[in-house]
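# Notes for the structure review
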Amino acid sequence: MTRIALRADRIFDGERMLDDHVVLVEDGRITGTDREAPRDWPIRELPGGTILPGLLDTHVHLTGDSGPGALDRLRDATEDTIFATIEQSLRIHLDAGVTTVRDLGDSNDAVLDWRNRGVSGLPTIIAAGAPLTSVGGHCWWLGGEVAGPEQIRAAVRRRAEKGADVIKIMGSGGPVTPGSDALSPQFTPTELAAAVSEAHAVGLPITAHAHALAAVRQAVTAGVDGIEHCTCLTAGGVTIDDDLLAALAASGIAVCGTLGSDRSIVVPPEIVAASARAGITEAALQQVVRRLYDGGVRLVAGSDGGIGPAKPHGLLPATLAEYVESGLPAIVALTTATALAADALGLGARKGRIRAGADADLLLVDGDPTEDITALAGPVAVYLGGREA
């Protein structure tokens, strides 16, 4: 039997701050919290610090190596190279305090194949496989091109049979895919409805990449479980009307704003220009997140890590810092990467909270991140299943 007590000035349990100061861990599980550690338990002290649940990044691309054109270069990458990238990506996330990731788009189901190897000591993966996209649409080269309801239904079933945990569909184009349109839907309402109904028929949630306002509306109507980006772009800029905001809030759809970037990186001018033409700017994205929060929409945190130099793996602390910049209280931002994220990923009983019975995935930081969110940027220690990583 392996036991350890972790003591800090404060504990954030995934939803609120606790009066207790000690987290008790036994055989990889949390057994509870208390004011003091049992006398015969080994104890680790973190004066001035905070103990939190391990973070969950709900939007990553593990096959991307964070270099220029990371996803484009997957067309020519070997399986060995891709598998090595997946493992390295996971190690970077773990070092940043992220103990669970949701991969929302790989190359030809590579993450599903890698996961079947059963490598231990790395973050838990929720995986989609290759994202469904229109023929020649956003990220078409990843292996998910489909056309028409029957192809879409068959593609959903194939992913379910291969062990996918979630279906990802590109509801609109994206600015980094030549020929795709971030201002327009990629599928008809009938096609998107087919994807949603088939996903639900095989017991899987479905999340839609949607930059275009029309694609966001289409996704809400179709009954998706999640929306990625949710930028609500039109030719005239970002637009979220009151009716759409109310519908998003009422639906309970989990929206991931994918904020956060490495601001030390100079983004290539062609990428900046393409994003600007589509209306995707830092200010616009922050505006959307604040509007969604004020409207009571269910927000989760995801970094889009791996797609390029400004979006490296391990970026989630910067994502949460930018949520705070957008106007979210720090404690709310933390819930988007802990309890709320765990619930959205179907892991609420095991992840994202410090409570009896949960996995002992824990993050220790100096200071109080509910007062200064940047405290997350330098983890003191990360525990995965009760073992220090």
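As a reminder, the structure under discussion sits directly above these lines.
Residues numbered from 1 in each chain as written. Predicted model: local features only at pLDDT ≥ 70, side-chain atom pairs only at ≥ 80, totals over all residues. Heavy atoms only, no water.

### Considering the packing of helix α5 (residues 213-222) against helix α6 (residues 242-251)
- Running from amino to carboxyl end, α5 crosses α6 at an angle of 40°, the nearest separation of the two axes being 10 Å. One finds that α5 runs oblique with respect to α6. Regarding α5 and α6, the two cross each other, and that crossing is left-handed. Between α5 and α6, the contacting residues are Leu213, Val216, Arg217 and Val220 on the first element and Leu244, Ala247 and Leu248 on the second.
- Each residue belonging to the contact of α5 with α6 can be placed in one class, and the counts come to six nonpolar, no polar and one charged. (Axes fitted to C-alpha atoms, helices over the stretch in contact; angles between N-to-C directions. Helix = DSSP H or I, 4+ residues; strand = E, 2+ residues; numbered from the N terminus. Parallel < 35°, antiparallel > 145°, perpendicular 65-115°, else oblique. Left-handed = near helix turned anticlockwise from the far one by under 90°. Contact = heavy atoms within 4.5 Å. Nonpolar A, V, L, I, M, F, W, Y, C, P; charged D, E, K, R; others polar.)

### With respect to the sheet that holds strand β8 (residues 124-127)
- With respect to topology, three strands assemble into an open sheet ordered β6-β7-β8, the strand pairing being parallel. Only two strands of the sheet have a single partner each, and these edge strands are β6 (55-60) and β8. Averaged over neighbouring strand pairs, the angle between their axes works out to 20° when direction is ignored.
- Pairing analysis gives four bridges linking β6 to strand β7 (residues 98-103), with the strands arranged parallel. The partner of Val60 across the bridge, within β7, is Asp103.
- Of the strands in this sheet, β6, β7 and β8 are in contact with helix α1 (residues 79-95), which crosses β7 at around 135°. (Pairing = 2+ DSSP bridges.)

### Let's talk about the packing of aromatic side chains
- Across all of its chains, the model carries one aromatic pair by this definition.
- Taking the centre distance of 5.8 Å and the plane angle of 90° together, the rings of Trp140 and Trp141 count as edge-to-face.
- Using a relative accessible area of 32% as the deciding quantity, one classes Trp140 as partly exposed.
- A cation over a ring is seen here: Arg75 above Trp141, with NZ or CZ 4.5 Å from the ring centre. (Phe/Tyr/Trp six-rings, centres within 6.5 Å; stacked < 30°, edge-to-face > 60°. Buried < 20%, exposed > 50% of the residue type's maximum accessible area, 1.4 Å probe, protein only. Lys NZ or Arg CZ within 6 Å of the ring centre and 35° of its normal.)

### Details of the pattern of salt bridges
- Using the criterion set out here, one finds 27 salt bridges in the structure.
- Across the pair Arg73 and Asp65 runs a salt bridge, and its minimum N-O distance is 2.7 Å.
- Its relative accessible area of 38% is what places Arg73 among the partly exposed residues.
- For Lys351, the salt bridge identified is with Asp361, shortest N-O distance 2.7 Å. (Salt bridge = Lys/Arg side-chain N within 4 Å of Asp/Glu carboxyl O.)

Take it as geometry only, folks, not as evidence of what the structure does.
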